[in-house]
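# Analysis of the macromolecular model
Below are the chains, spelled out letter by letter.
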Amino acid sequence: QLVESGGGLVQAGGSLRLSCAASGRTFGLYSMGWFRQNPGKEREFVAYIWGSGSDTRYSSSVTGRFTISTDNAKNTVFLQMNSLKPEDTAVYYCAAKFMGATMVATDYDYWGQGTQVTVSS
């Protein structure tokens with residue numbers, strides 16, 4: 001089970017930190033990804049982390065502004081979002097994939113319920 005938190009309303013240029021708490025005792029065997037989605041659009045890859053944090057990847061639209069990290073002791077993954085833009089507005093989803101990481105949403109095994117991020121201009 002994945003439970004996201006930390007979404008909200010922020011002005012452009014501001015920051016938010018999303019958290020995703022995972023249940024289970026095999027957290028280290030899963031890659032963790034963040035995706036986002038707006039109504040009528042496909043779910044979009046944002047970032048993933050894998051291999052105890054040694055392997056990370058970001059979409060080009062968030063590189064340099066967002067940082068993904070984990071606290072393995074707490075089975076939690078974070079997404080620090082800085083310099084937010086109105087186009088970052090979306091529902092953000094946390095996802096877990098057993099062994100290995102990809103940017104493809106359909107490759108992920110488990111999903112959280114999503115948390116809304118709204119960036120005002």
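Nothing here was measured: the structure is a model prediction, and the numbers come from that model.

## Digging into the sheet that holds strand β8 (residues 76-81)
Taken in spatial order, the four strands make up an open sheet running β1-β3-β8-β7, and their pairing is antiparallel. With partners counted over all chains shown, the strands left at the sheet margins are β1 (2-5) and β7 (66-71), one partner each. With direction set aside, neighbouring strand axes in the sheet form an average angle of 15°. Strand direction decides the pairing type here: strand β3 (residues 16-22) and β8, joined by six bridges, are antiparallel. Looking at β8, one finds that Ala21 is bridged to Thr76.

## Describing the state of the cysteines
Note: disulfide means a covalent bond formed between the sulfur atoms of two cysteine side chains. What the rule picks out here adds up to one disulfide. Here Cys20 pairs with Cys94 through a disulfide, and the sulfurs are 2.1 Å apart. Residues Cys20 and Cys94 share a disulfide whose torsion about the S-S bond is about -75°; that sign makes it left-handed. Taken together, the residues Cys20 in strand β3 and Cys94 in strand β9 (residues 90-98) connect sequence positions 74 residues apart. Neither residue differs from the other here; Cys20 and Cys94 are each classed as buried.

## Structural notes on the environment of Arg17
Within the secondary structure, Arg17 sits in strand β3. Exposure remark for Arg17: the relative accessible area of 46% places this residue in the partly exposed category. Between the alpha carbons of Arg17 and Ser120 there is a distance of 16 Å; along the sequence they are 103 residues apart. Dropping the residues within four chain positions of it, Arg17 is found in contact with Ser5, Gly6, Phe78, Leu79 and Gln80.

## Observations concerning the side chain of Thr76
Examined against the element boundaries, Thr76 turns out to sit in strand β8. Note on Thr76: relative accessible area 10%, which makes it buried. For Thr76, the side chain forms a polar contact with the main-chain oxygen of Lys74, separated by 2.8 Å. Not counting chain neighbours up to four residues away, the residues in contact with Thr76 comprise Ser19, Cys20, Ala21, Phe27, Ser69, Thr70 and Asp71.

## Digging into the environment of Leu29
Looking at where Leu29 falls in the secondary structure, it is placed in the loop between β3 and β4 (30-37). On the basis of relative accessible area, Leu29 is assigned to the partly exposed category, the value being 37%. Spatially, the C-alpha atom of Leu29 lies 13 Å from that of Thr70, the residues being 41 residues apart in sequence. If we ignore the near neighbours within four places in the chain, the residues touching Leu29 are Trp50, Lys97, Phe98 and Met99.

## Considerations on the pattern of salt bridges
If you walk through the whole model with that rule in mind, you get three salt bridges. Of the charged contacts, one joins Arg65 and Asp88 as a salt bridge, the two residues approaching to 2.7 Å between their closest N and O atoms. Here Arg65 is found in the loop between β6 (55-58) and β7, whereas its partner Asp88 is found in the loop between β8 and β9, with 23 residues between them in sequence. Judged by its relative accessible area of 11%, Arg65 is buried. Salt bridges sharing partners connect three or more residues here, namely Arg36, Glu44, Arg65 and Asp88.

Criteria and thresholds
Residues numbered from 1 in each chain as written. Predicted model: local features only at pLDDT ≥ 70, side-chain atom pairs only at ≥ 80, totals over all residues. Heavy atoms only, no water. Pairing = 2+ DSSP bridges. Helix = DSSP H or I, 4+ residues; strand = E, 2+ residues; numbered from the N terminus. Axes fitted to C-alpha atoms, helices over the stretch in contact; angles between N-to-C directions. Disulfide = S-S within 2.5 Å. Buried < 20%, exposed > 50% of the residue type's maximum accessible area, 1.4 Å probe, protein only. Contact = heavy atoms within 4.5 Å. Polar contact = N/O pair within 3.5 Å; in protein donor to acceptor, adjacent residues only side chain to side chain. Salt bridge = Lys/Arg side-chain N within 4 Å of Asp/Glu carboxyl O.

Note that all results are geometric; they support no functional claim without further evidence.
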